[in-house]
Amino acid sequence: EDPNLIENHVNIPVYATITHSKRQDEIFKALKSKEAKRAILATDKPDDLAIESLANLRRALHFGMMEVKNNCIMVVGPAPNVGKSFVCVNLATVLTSNDKKVLLIDGDLRRGHLHEYLGIPRNNGLSEFISGEIPIGEALHHTSVPGLTLIPTGTLPPNPAELLMHQRFTNCLSVLEPRYDHIIIDSPPILAVTDATIIGQMV
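Residues numbered from 1 in each chain as written. Predicted model: local features only at pLDDT ≥ 70, side-chain atom pairs only at ≥ 80, totals over all residues. Heavy atoms only, no water.

Caption draft 1: Structural view of unusual backbone geometry. Unlike most non-glycine residues, Asn-81 shows phi in positive territory, near 60°. Mapping Asn-81 onto the fold places it in the loop between β1 (72–75) and α5 (84–95). We classify Asn-81 as exposed; its relative accessible area is 73%. One non-glycine residue, Asn-124, adopts positive backbone phi at about 55°. Mapped onto the elements, Asn-124 comes out in the loop between α6 (114–118) and α7 (126–130). (Helix = DSSP H or I, 4+ residues; strand = E, 2+ residues; numbered from the N terminus. Buried < 20%, exposed > 50% of the residue type's maximum accessible area, 1.4 Å probe, protein only.)

Caption draft 2: How the structure looks around the pattern of salt bridges. Enumeration over the complete set of coordinates arrives at five salt bridges. Between Asp-44 and Arg-23 there is a salt bridge, with its nearest N and O atoms 2.7 Å apart. Taken together, the positions of Asp-44 in helix α3 (residues 41–44) and Arg-23 in helix α2 (residues 22–32) put the pair 21 residues apart, joining distant regions of the chain. Residue Asp-195 is joined to Arg-110 by a salt bridge in which the shortest nitrogen-to-oxygen separation is 2.9 Å. On the criterion of sequence distance, the pair formed by Asp-195 in helix α11 (residues 195–200) and Arg-110 in the loop between β2 (102–106) and α6 is long-range, its members being 85 residues apart. Judged by its relative accessible area of 35%, Arg-110 is partly exposed. A cluster of three or more residues bridged by salt bridges with shared partners is formed by Arg-23, Glu-26 and Asp-44. (Salt bridge = Lys/Arg side-chain N within 4 Å of Asp/Glu carboxyl O.)

See the structure below:
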């Protein structure tokens, strides 16, 4: 609960603390009940405290990423249902301000559901591209958020870790990186499966 504990014991800097949003609970519930087509807190209530926290994170990332090897950011958590997808969608939306181009990739090929937040079908996504079924252009889906593009999971495969290790995924990031200001990748829980470790080597 104390960011200083993380910084002192794990030696990892804490850039932001994101508060829980009751409004997000409401709009996601509406999405699940088919009363809404998307659930993006950053566009629904941009003055929410959680979004202000993400804006602080955006500013910290501006300086924190000055000397990194690429513009790819992986969002990861220890276990399911900790808010990774919420952070991915809303951080990506916040990052599109000032005419920035952001690519959001759903790399959770086991339970990923970023497409639900954005009101986009799951099909024709990352798994189809890596499998060689479609070119990368067909996996890129424009969203209702100006400047934000999504690559959904595609059909959930039986061998997600093997797919993510494929050279086509690495090549995909190399080709797309110069086209976007930021690439955000949502990954599976790091304590549950090896997928996040594979993605982590590329970001």
